[in-house]
Structures are given as C-alpha cells and as structure tokens.
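# Inside the fold
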Amino acid sequence: MYYLGTLFTYKACKQHSINVLTMKAKHFVMTAVAMLMMLASCTQETNKFVINGNIANADGKTIYLTYQVGDSTVMDSTSIAEGKFAFNGELDVPYRSAELMIGNIYNNYDPNADYVNFALEPGTITVDAQGGLLKEATITGGKTQKEMNELNELLKPITQKFRDSEKAHAQQLTEEQRDSLEAVLEPARAEYDSITTNFYKTHTDSYLAPYYLSMKMGEMSYEEVKAAFEAFTDDVKQYGDRAKEVKDELAALENIQPGKVAPDFTAKDINGNDFTLSTLKGKVVILDFWASWCVPCRKSNPHMLELYKKYHDQGLEMVYVSDDDTAPEKWKEAVKKDGLTAEGFHHVLRGLKWDRSKGMAGMDHSNDISDKYAIHYLPTKYLIDKEGKIVCKIKEGEDQKLDEQLKELLK
C-alpha cells in the first residue's frame, strides 16, 4: 500500500507540477501577448497624426493631402465645410514631407496654384489659412515644422524675389530684359545658398537637412557630400527628407571618380540600333550630356566638332546623351542642324520616362543614364580613356581643361 500510495503520491505531485508549469506557461504567454499588443498599440498611437485646418472662403471645395508611405503615394481628400477641414492617418516612419492642395492635384507647377508643403509628423498639426490661401497658411505642430517655419521666415524676402521673377518671366520679355532680371536675382540666389547651407551644417538632427544638402550636392565634390551626410544623426540619415537621394548620389559619385571604370549602359541610338558604351573600349571617349533646348550645350557643339575633326583619326569618339526623351523630333533636328552626324558620333536619349499626368510621382528613373553619372547641370562632359576609365569631369566653361587632357591622352 505504501508503495502504491507513494507511487500515487508521486504521480499526483508530478501532475500538480505539470499543472502549475502549464498555468505559469499560459500566464507567461498571455502576459507576452498582452505586452506585444500594448507595444503595437503604443507604436500605432505614436505614428498617428491628425490635421485640423481652418480656411476662409473655400466652403464646398475639395482639399487634397499627399504624402509617401513606403514607395507608394497616399492621396487623401476631403470637402471643406464651414471653413474647416480635417485629416487623420498613420505614418510608417517618424517624418514625411507632405502637401496640401486645393484644385488640380498635379497643378502645382502653375504659379497660381494654391498649395503648401509642410512637415508631417505624428501628433496634431494645425493649419490656419484664415486669409483664404493655403500658400499663406500658418502651420504648427512638431519639431520639424517649427524648424521649417523658422527657416522660411529667414528666406521670405528671397522667395518673394523669386516669385516676382516668375511673374515677370511669364510676360513677353526680350532676351535683354531676361538677362537683366537674371543679373538682379544672382545676389538673391547666393544669399539663399548661404542660408540653406548654414542650415544643413548646423541642424544635423533635422529631417529637413538632407533636403537642402540635395539641392546643393550637384555643385559639391564626392568628399564634400560624404562629409556633410556623415555629420547627420543616424535617424536623419534613415528618415530625412531626400536622404535616399543623397545616398544614391554618393553611390553614383563613388562610381565616377577618376580612375574608375565608366558606368556602362545600353540604349537605342538615334537610328534605332542598340548602342553600348563599353564597345568603345580602346578609344578615347567624350561623353557629353546635353539637350536640344540647352543654349550653352548648343554653343559648345562647334568646339566639339573641332575636337572631333582633330582627333578622330587618333581614336576619339563622341557619345552624346540627350535630355530630350519627351521631344525626340527636336533632338534629331538639333543633331542634324549642329552637324553632329559623322560616324564617330553616337547619340542616345538619357532614358527618363515621365508620365506628367502623375506629377513628380510619374517619373521612372530605372533606365536613366544621367543618374549613373550624377548629372545635375547641362552641359556636363566626362572624358574616358582607352581603358574605359574616367579621366575627369568637364563642366561648362572648362574647354581648356578638356583640350589639355585630350592632348595628353592622344599625344
């Protein structure tokens, strides 16, 4: 009896232990699930935003809100009633650049369009447009918007000059009047550059900083862009406005440093045949980024013809990449008119596809040759040696530098 009793007692104790462990396990699982649900709830609450707006003289109109979530563009809309409107949603990251617009959502290229860009962050954002115009609204809510407001206040006199210039350009001005207007704007541009450069250098924890670096990086060296970007906080590097564009620029710049093999590409040439840059290995190549509508580009073509005639027999080839994807006929006309038709000239389009009905969101850069070479200004040229490696970059007004390098390569 004792043995059996002991056995029973052992079994009972074992079962009790199992029950206790099971209860503890269940309690642990329930606690873990509860904690996860609380964390998820906190995360969702943290990422949520509310926009409350007031605007005069706009009842019955539709107002649009656009911003990115991942690689997709969110477009939300609501009607304005009794001078009020509201939006709410959830962000996938701590910050997004956003836009409010009344009217045609793709019409922000029109100087008369009523729209405003702002910093979209979790929390409550207030838009006060009691004057009746979004572009004149006072927007508050969030650290980044506060920084944007302070910067906009500094830039206000300069941006007004630019707006006045846009209105003047819309009129029928003579070329001399346009040149005079540009001369007046030059100091304003310099001041704008100075203020925005100082901003991204002194606000390394601001989500706006990469945006202003991206505006300037076309004029900067690889080392300068890299140093500026590395100064940003990790959060800004990941989520900052146009941070990805700066990263892409750095990757492109790294690939086009002197001594690097020129990034290869294949595209349809002006005659509809496939052309691949690397097939010219063994030749010296001038890679010229231009456009039919670019006046400085067209002015440089006579000099390019002179160089071609002088050095083609010694192994010089000319590759022209045109920014005329939307106007191929004008491209072909310009090539013919400027006499760039000899067998050593190779003409392709840059490969940018743009569905303008979708605004900036309709741009497809997947086959864009210009992106591979970090092109921001036209004309821009690259000199490539017989091994297919980049010798140097040639900007507008650097003809003498190009001549000297060519002479060295083909002596």
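Just above, that's the structure.
The model shown is predicted, which means the values in this text are computed figures rather than measured ones.

## Considerations on the packing of aromatic side chains
- What the rule picks out here adds up to 13 aromatic pairs.
- A ring pair is formed by Y211 and Y212, whose centres lie 4.9 Å apart and whose planes are at 90 degrees; its orientation type is edge-to-face.
- Residue Y211 is classed as partly exposed on the basis of its relative accessible area, which comes to 25%.
- For Y212, a relative accessible area of 10% gives the class buried.

## Section: the sheet that holds strand β4 (residues 84-90)
- Pairing is mixed across the open sheet formed by four strands, whose spatial order is β4-β1-β7-β8. The open sheet is flanked by β4 and β8 (138-140), the only strands paired with a single partner. For this sheet, the mean angle separating the axes of adjacent strands, direction not counted, is 10 degrees.

## Observations regarding the sheet that holds strand β6 (residues 114-120)
- Here four strands make up an open sheet; going across it, the order is β3-β2-β5-β6 and the pairing antiparallel. Each edge of the open sheet carries a strand with a single partner, namely β3 (72-79) and β6. For this sheet, the mean angle separating the axes of adjacent strands, direction not counted, is 20 degrees.
- Relative to β3, strand β2 (residues 62-69) is paired through eight bridges, and the arrangement is antiparallel. Within the sheet, the bridge partner assigned to Y67 lies in β3 and is V74.

Each value, and the rule that gives it
Within any chain, residue numbers begin from 1 and follow the written order of that chain's sequence. Where totals are concerned, whole chains, interfaces and linings use all residues; where local detail is concerned, this predicted model gives features only for residues with pLDDT of at least 70, and gives and counts side-chain atom pairs only at 80 or more. Processing note: side-chain calculations cover all non-hydrogen atoms of the structure and skip hydrogens and water entirely. Classification of ring pairs rests on two measures: the distance between centres of Phe, Tyr or Trp rings, Trp counted by its six-membered ring, which must be within 6.5 Å, and the angle between planes, read as stacked under 30 degrees, edge-to-face over 60 and tilted in between. A 1.4 Å probe rolled over the protein chains alone gives each residue an accessible area, and that area as a share of the maximum for its type sets the label: buried under 20%, exposed over 50%, partly exposed in between. One requirement defines pairing of two strands: DSSP has to find at least two bridges between them. Helical segments are the DSSP runs of H or I of at least four residues, strand segments are the runs of E of at least two, and each set is numbered from the N terminus. Axis angles are defined between N-to-C directions and span 0 to 180 degrees, where every axis is a line fitted to C-alpha atoms and, for a helix, only to the segment in contact.

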